[in-house]
Amino acid sequence: MKDAPRAKKSAHAERFRHAAEHAHVVPLWTFFDEWFPAEPHTAAVGHLWRYEALRPLLLDGATQIDTAEAERRVLALENPELPGRRLATDALYAGLQLIMPHEIAPAHRHSAAALRFVLEGHGAYTSVSGERVPMEPGDLVVTPAWTWHEHGHEGEGPAIWLDVLDVALVRFLGAGFSERYPEKEFPRRLPPGDSHHRFGMGMAPAGYRREASAAPAASYSYARCRRVLEHLAAHDPLDPCQGLRMEYVDPTTGGPAIPTISTFLQWLPPKFAGEPHATTAGTIYVVVEGRGRVTIGAGDAARRFEFGPRDVWVVPSWQPACLETDEETVLFSASDEAVQRKLGLWRERRGH
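Since this is a predicted model, take the numbers as computed values, not measurements. (Residues numbered from 1 in each chain as written. Predicted model: local features only at pLDDT ≥ 70, side-chain atom pairs only at ≥ 80, totals over all residues. Heavy atoms only, no water.)

A. Highlighting the sheet that holds strand β5 (residues 114–120). With antiparallel pairing, six strands are arranged side by side in an open sheet as β2-β3-β10-β5-β8-β12. Looking at the sheet topology across the chains shown, the edges are occupied by β2 (74–76) and β12 (219–220). As paired elements, β5 and strand β8 (residues 140–143) share four bridges and run antiparallel to each other. Pairing of Arg 116 across the sheet is with Val 141, part of β8. (Pairing = 2+ DSSP bridges. Helix = DSSP H or I, 4+ residues; strand = E, 2+ residues; numbered from the N terminus.)

B. Looking closely at the side chain of Thr 147. With respect to the secondary-structure elements, Thr 147 resides in the loop between β8 and β9 (149–153). At 2.9 Å, the side chain of Thr 147 forms a polar contact with the backbone oxygen of Pro 144. (Polar contact = N/O pair within 3.5 Å; in protein donor to acceptor, adjacent residues only side chain to side chain.)

C. Representation of helix α7 (residues 222–233) within the structure. With twelve residues, α7 should cover 16 Å at 1.5 Å per step; its first-to-last C-alpha distance of 16 Å lies within 8% of that length. All of the buried residues in α7 are Tyr 222, Cys 225, Arg 226, Leu 229 and Leu 232. All buried residues of α7 fall inside an arc of 130° around its axis, so they share one side. Against β12, β13 (244–247), β14 (262–268), β16 (283–289) and β21 (329–335) lie the buried residues of α7. Its side-chain oxygen at 3.3 Å from the backbone nitrogen of Ala 223, Ser 221 defines the N-terminal cap of α7. (Expected span 1.5 Å × (residues − 1). Buried < 20%, exposed > 50% of the residue type's maximum accessible area, 1.4 Å probe, protein only. Arc of directions from axis to C-beta. Contact = heavy atoms within 4.5 Å.)

D. Geometry of unusual backbone geometry. Backbone geometry places His 24, a non-glycine residue, at a positive phi of 60°. Mapped onto the secondary structure, His 24 falls in the loop between α1 (3–22) and α2 (32–35). The exposure class of His 24 is exposed, given its relative accessible area of 74%. Its identity is not glycine, yet Lys 271 carries a phi of approximately 65°, on the positive side.

E. Examining the packing of aromatic side chains more closely. On inspection of all chains with the given rule, the structure shows eleven aromatic pairs. Each ring, one from Phe 31 and one from Trp 35, has its centre 5.0 Å from the other, and the planes form 65°; the classification is edge-to-face. Accessibility expressed as a relative area gives 18% for Phe 31, which makes it buried. Of the residues examined, Trp 35 reaches a relative accessible area of 57% and is grouped as exposed. Ring geometry for Tyr 285 against Trp 313: centres 5.1 Å apart, planes inclined by 15°, an arrangement best described as stacked. Separated by 28 residues along the polypeptide, Tyr 285 in strand β16 and Trp 313 in strand β19 (residues 312–315) bring together distant segments of the chain. Judged by its relative accessible area of 0%, Trp 313 is buried. Taken together, Phe 117, Tyr 220, Tyr 248 and Phe 332 form an aromatic cluster joined through their ring pairs. Over the face of the ring belonging to Phe 264 we find Arg 245, whose NZ or CZ atom lies 3.6 Å from the ring centre. Above the plane of the ring of Trp 346 lies Arg 341, whose end atom (NZ or CZ) is 4.0 Å from the centre. (Phe/Tyr/Trp six-rings, centres within 6.5 Å; stacked < 30°, edge-to-face > 60°. Lys NZ or Arg CZ within 6 Å of the ring centre and 35° of its normal.)

F. Geometry of the pattern of salt bridges. Scanning the model with the defined rule gives 21 salt bridges in all. As a salt-bridge pair, Glu 154 and Arg 132 come within 2.9 Å of each other at their nearest N and O atoms. Placement of the pair is Glu 154 in the loop between β9 and β10 (159–165) and Arg 132 in strand β7 (residues 131–135), with a sequence separation of 22 residues. Using a relative accessible area of 55% as the deciding quantity, one classes Glu 154 as exposed. On the basis of relative accessible area, Arg 132 is assigned to the buried category, the value being 14%. For Arg 226, the salt bridge goes to Glu 289, with nearest N and O atoms at 2.9 Å. With Arg 226 in helix α7 and Glu 289 in strand β16, the pair connects residues that are 63 residues apart, well separated along the chain. (Salt bridge = Lys/Arg side-chain N within 4 Å of Asp/Glu carboxyl O.)

G. Spotlight on the environment of Ala 334. Tracing the backbone shows Ala 334 in strand β21. Look at Ala 334 and you get buried, because its relative accessible area is 1%. Along the backbone, Ala 334 and Ile 284 are 50 residues apart, and their C-alpha atoms lie at a distance of 5.3 Å. With residues near it in sequence (within four places) discarded, Ala 334 still touches Leu 92, Leu 115, Val 164, Ile 261, Ser 262, Thr 263, Gly 282, Thr 283 and Ile 284.

H. Structural context of the pairing of β7. Burial within β7 is extensive, with four of its five residues counted as buried. In this structure, strand β6 (residues 124–128) lies alongside β7, joined through five bridges in antiparallel fashion. Among the inter-strand pairings, Tyr 125 is bridged to a residue of β7, identified as Pro 134. Counted along the chain from β6 to the antiparallel partner β7, the turn is two residues long, and its residue Ser 129 has a positive phi close to 55°.

From the geometry alone we can't say anything about function, so treat these as descriptive.
Take a look at the structure:
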């Protein structure tokens, strides 16, 4: 007799489920814990891509397709636990882009903002809004949303850089647009170095107001940034988690160099043994100089990687990371911290 009420309740629940499906509604109580967990959960995992393993594959790609066919010759870095999403973290796309001597990657623009961090090569350039910007190893080049940009190479040997874009956010919001420039090359409208002289000297044109598609600082020279790190390393105390860490900023606002992507350069001394540090931001790292180890995650889920020059790794949201160095090390990193701070979402956790 006890089974009759149970069967009646089960039949009622089944009718309710079918009625809800037919009405295109979903009961919140069936997914509340998934959407409102006690702390962030992500399927993404800590992972490291070795540059020495990807470089030959990227060069082989140059024999498979040219820039005219490919639009951009890039190997996207896909997190092993985000298959099919073409993303390095939940929110950020990253890829290694190659351009060979005498090639031009034609001008286009898109609603996703982008950065280029140069890994290898001399003589390549990016043109941003008609200003040609040289690309030397360690330089950061900024391409704001909806800005015309193209790449070219007038030197010798391959030029390779890391691309990071906020395209996942743009696609999630349903705001993705792109456009190809109809001519072979975008016209030069500004002399080289114009943005640095106009905005990067602690001054700005009187009455200037930043536009969303403007690039007040098109590039950040590694040579200049490295000197800043050397000066501060000699005078400032080190953060126990991150050593000495500086953020790239828009000189006209003091905010992030890219409104949706935070970018950093950090210096670590030899034999640095950092404390664990976790944030809600998914972060992409690339080694500019030095060697060491990074441990991502905790307990049985922890992953430990040896790193060297030009290796790339990711730290997903809320997973602790510990840095150790064998020698003096410089790291570049990019994350979605900027947009999280704007939305009041960013948090960090330090120590064990």
